[in-house]
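Here is what each chain is made of, one letter per residue.
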Amino acid sequence: MKKTKKVLVCTPIDKLIPKNKKNILIFPPNLVSNSISPVVKNFKHKEPKFRWSNKSILYQDYVYLKKFYEKSLDSLSKSLNEHHKKNYSKKFWRILIGPWLSSILFVIFERYYEIKSCYNKYKIDQVNFLRINNNVNLIPIEIEDYLGHVHNILWNQYLYQEIISNLFEKKKILYVDGIVNKGFPKRIKSIKKTKINSLITKIFNFNPINKFYNYFLSSTYLGMIDELKLSLKLKQFPIFYEKKELLSISKIDKETRNKIGKKNNLKNNFEKTLYKIAINKIPIYLLEDFKNLCRISKNLNYPNKPKVIFSSNFLWYDLATMCYSAMKIENETKLIYGQHGGCYGINKIIFSEDHEIKISDRYISWGWKKNNEKINNFGIISNRRKFSRKENSDKLLILFRVLNKYFFSMGSGVETELAKDYISYCTSFFNNLSSEIRKNTVLRLQTNSADSDYQNEVLKNFSKKNGNLKLSNSTFFSDCNNSKLIVNTCNSTPFLQTISLNFPSIVIWNKLNNPIRKEAIKYIGLLHKNKILFYDPKKAAKFINKIWENDINEWWLSNKTQYAIKKFSEIFSKNNVNILSNLKDQIKNYEN
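Summary of the structure given here.

Rules used throughout
- Residues numbered from 1 in each chain as written.
- Predicted model: local features only at pLDDT ≥ 70, side-chain atom pairs only at ≥ 80, totals over all residues.
- Heavy atoms only, no water.
- Helix = DSSP H or I, 4+ residues; strand = E, 2+ residues; numbered from the N terminus.
- Rg over C-alpha atoms; globule rule 2.2 N^0.38 Å.
- Contact = heavy atoms within 4.5 Å.
- Areas by Shrake-Rupley, 256 points an atom, 1.4 Å probe, with all protein chains shown as cover.
- Lys, Arg positive; Asp, Glu negative; His and termini not counted.
- Charge placed at Lys NZ, Arg CZ, Asp CG, Glu CD.
- Patch = residues over 30% accessible without salt bridge, like charges linked within 9 Å, V, L, I, M, F, W, Y side chains within 5 Å.
- Salt bridge = Lys/Arg side-chain N within 4 Å of Asp/Glu carboxyl O.
- Pairing = 2+ DSSP bridges.
- Axes fitted to C-alpha atoms, helices over the stretch in contact; angles between N-to-C directions.
- Parallel < 35°, antiparallel > 145°, perpendicular 65-115°, else oblique.
- Left-handed = near helix turned anticlockwise from the far one by under 90°.
- Nonpolar A, V, L, I, M, F, W, Y, C, P; charged D, E, K, R; others polar.
- Expected span 1.5 Å × (residues − 1).
- Buried < 20%, exposed > 50% of the residue type's maximum accessible area, 1.4 Å probe, protein only.
- Polar contact = N/O pair within 3.5 Å; in protein donor to acceptor, adjacent residues only side chain to side chain.
- Phe/Tyr/Trp six-rings, centres within 6.5 Å; stacked < 30°, edge-to-face > 60°.

## What about the overall build of the protein?
Broken down by element type, the protein carries 21 helices and 16 strands. A compact globule built from 592 residues would reach a C-alpha radius of gyration of about 25 Å, and the protein, at 25 Å, matches this within 12%. Taking all contacts inside the protein whose residues are at least 6 apart in sequence as the whole, residues at least 24 apart take part in 75%. Split by element, the accessible area of the protein, about 27,000 Å² in all, is 50% carbon and sulfur. The averaged location of the 50 negative side-chain charges in the protein is 3 Å from the averaged location of its 101 positive side-chain charges.

Structural data, given as structure tokens:
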């Protein structure tokens, strides 16, 4: 009789599942833990509690991780300067490698504690490993590719194996039969523009006088028309954003990667090990192809000597433009960076906000301020199109967020909320709506989710008593215009957009999973008091059932509701009719 074992299986890959069905499978607390069920339906399986369900621990870890990141950035900046024979400042490297380095360190730390929680809670008898044929394919070419890797099951399996091999007991490791030759991460394809937008972009971006402009404005989140208007105010034509795809031409230099991974100023073995694992995964264009990256960046049809760079987006994942910007900023070009999403100024933790403020000379918020002279609270930048609401609409629009299987970005909101908790919240809300409202509900899913099973995962327990669910196939603005009421299922950009444009909306989120900073409590409280924000999905559904037929406008246009919207919007989604003039004046401040 075969002994029953507790087998640690880090990812739901078929080959890792043992043949003995009496074994108990132990899984890390992945963000979509219920997605493992088809693979293990004949097994008992367990998983420990997600570490960051405790938001006090999340905050403590974030304070630690920011310090760890800064020390790692110091070490890697020095190593890359030495390797590439450069003398760039820490700010140069922060702009160029910060988005990748911060994420990979946070990811490795989070995956380590997932494994540690399994060992602490259960007596592990065996850990199943894969024999992976070609590790080279698991190293990203550029930062955008890393985003595809971090959500790939095979990449995560390999990362778990590195962590366990370096930081846990090795004798329990069992390599399963066979070598894995498929399932490697694929390159992410940039989102295609419409034909007309693509044509306009090409016309403006091939303009030979771009090189002589005083300002580089691109990917500002203003939208094409407002970006054109702002450019003309500055007496130049726009340079519409288009990402440059990078093709690798160099072989992986494992010796150099190992050398850089070992050379650091970190004080303890835990940090040294995490740093070494991270450096092994550094994008090729930051190491082997760095000279080629510099050449490509210099050849971009962007201004040669810009006085100001203004963007709200491209300094996260576009290495060519990041390199161009870092080089210009190194030579005293000023950077104005704009807020590009929800959560900013509200969530207790949001690394992207901290990073963007740190690299910029001026930061444009959507209305909030904190004790930092860099911040100008001009108002909401993101596509300021007006809604044209259809009269007598009978549609309820529910907006869903991206659902990621694995953690990759640090924040105290959707970034560290268990997806199964989010799905349960949305399901409870939908299923408690009246049958008549459910029949007239349009569900707008995030089509750019990295999880291919996203749709089935979110909707699998939604009530289908009234026929098939209606999924959106229209644009965001078209869906909004054809809706009677909008339901946001998280604190996000669409929520701030709908609120700022005074479109009847509510938002639901789990209070325990989404802690906010103390400066926002007063304004969030106003939304909750006036039934714009709900922490209980059943109460939200009950409220909509009550007002649906005749009372939506009475509620939304009441003095109390409008006061709450006004006060909240003034701080977090301010509508500023003079924002283009404000931006022009701010940019022109750097004229001399």
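Moving on from the model shown.
## A word on a nonpolar patch on the surface
Together, Ile209, Phe212, Leu232 and Phe237 make up a nonpolar patch on the protein surface, roughly 430 Å² of accessible area in all. Take phenylalanine 237: it is sitting in the loop between α6 (224-233) and α7 (254-262).

## Description of the sheet that holds strand β16 (residues 533-534)
Strands belonging to one sheet form pairs held by backbone hydrogen bonds; the direction of such a pair is parallel or antiparallel. Strand order in the open sheet formed by six strands is β13-β12-β11-β14-β15-β16, and the pairing between neighbours is parallel. If you trace the sheet from one side to the other, it starts and ends with β13 (470-471) and β16, each paired once. Alignment of strand β11 (residues 396-399) against strand β14 (residues 485-488), held across four bridges, turns out to be parallel. Within β14, the residue paired with leucine 396 across the bridge is leucine 485. Helix-sheet contacts for helix α16 (residues 493-500) involve β11, β14 and β15 (505-508), and the interaxial angle to β14 is about 145°.

## A closer look at the sheet that holds strand β6 (residues 215-217)
With parallel pairing, the five strands of this open sheet are ordered in space as β6-β7-β8-β9-β10. Looking at strand neighbours, the two that pair on one side only are β6 and β10 (375-376), the edges of this open sheet. In this sheet, strand β7 (residues 308-311) lies alongside β6 in parallel orientation, the contact comprising three bridges. Bridging from a neighbouring strand, leucine 217 pairs with phenylalanine 310 of β7. Along the sheet, helix α11 (residues 351-359) contacts β8 (334-338), β9 (362-364) and β10; its crossing angle with β8, the most-contacted strand, is approximately 155°.

## Brief notes about the packing of α6 against helix α21 (residues 579-588)
Between two packed helices, the angle of one axis relative to the other and the distance separating the axes together describe the packing. Relative to each other, α6 and α21 sit at 45°, their axes nearing to 10 Å. With respect to α21, the axis of α6 lies oblique. Between α6 and α21 the crossing geometry is right-handed. Residue-level inspection shows Asp226, Lys229, Leu230 and Lys233 of α6 in contact with α21, the latter providing Leu580, Ser581, Leu583, Lys584 and Ile587. Its residues placed into classes, the contact of α6 with α21 shows four nonpolar, one polar and four charged.

## Notes on helix α4 (residues 153-167)
Counted at 1.5 Å a residue, the expected span for α4 with its 15 residues is 21 Å, and the 21 Å between its end C-alpha atoms agrees. Among the 15 residues of α4, 11 are classified as buried, and the element is accordingly described as predominantly covered. The N-terminus of α4 is capped by asparagine 152, whose side-chain oxygen sits 3.0 Å from the backbone nitrogen of leucine 154.

## Some words on the packing of aromatic side chains
Enumeration over the complete set of coordinates arrives at 34 aromatic pairs. A centroid spacing of 5.6 Å and a plane angle of 90° characterise the contact between tyrosine 69 and phenylalanine 351, whose relative ring orientation is edge-to-face. Of this pair, tyrosine 69 sits in helix α1 (residues 55-84) while phenylalanine 351 sits in helix α11, and the two are 282 residues apart along the sequence. The exposure class assigned to tyrosine 69 is buried, which follows from its relative accessible area of 2%.

## Description of the side chain of serine 360
The topology assignment puts serine 360 in the loop between α11 and β9. Looking at serine 360, its side chain comes within polar contact range of the main-chain oxygen of isoleucine 357, at 3.2 Å.

## A word on the pattern of salt bridges
Within the structure shown, the criterion is met by 21 salt bridges. Aspartate 61 is the salt-bridge partner of arginine 51, the closest N and O atoms lying 2.7 Å from each other. Highlighted residues: arginine 51 in the loop between β3 (44-46) and α1 and aspartate 61 in helix α1, separated in sequence by 10 residues. The class for aspartate 61 is buried, based on a relative accessible area of 7%.

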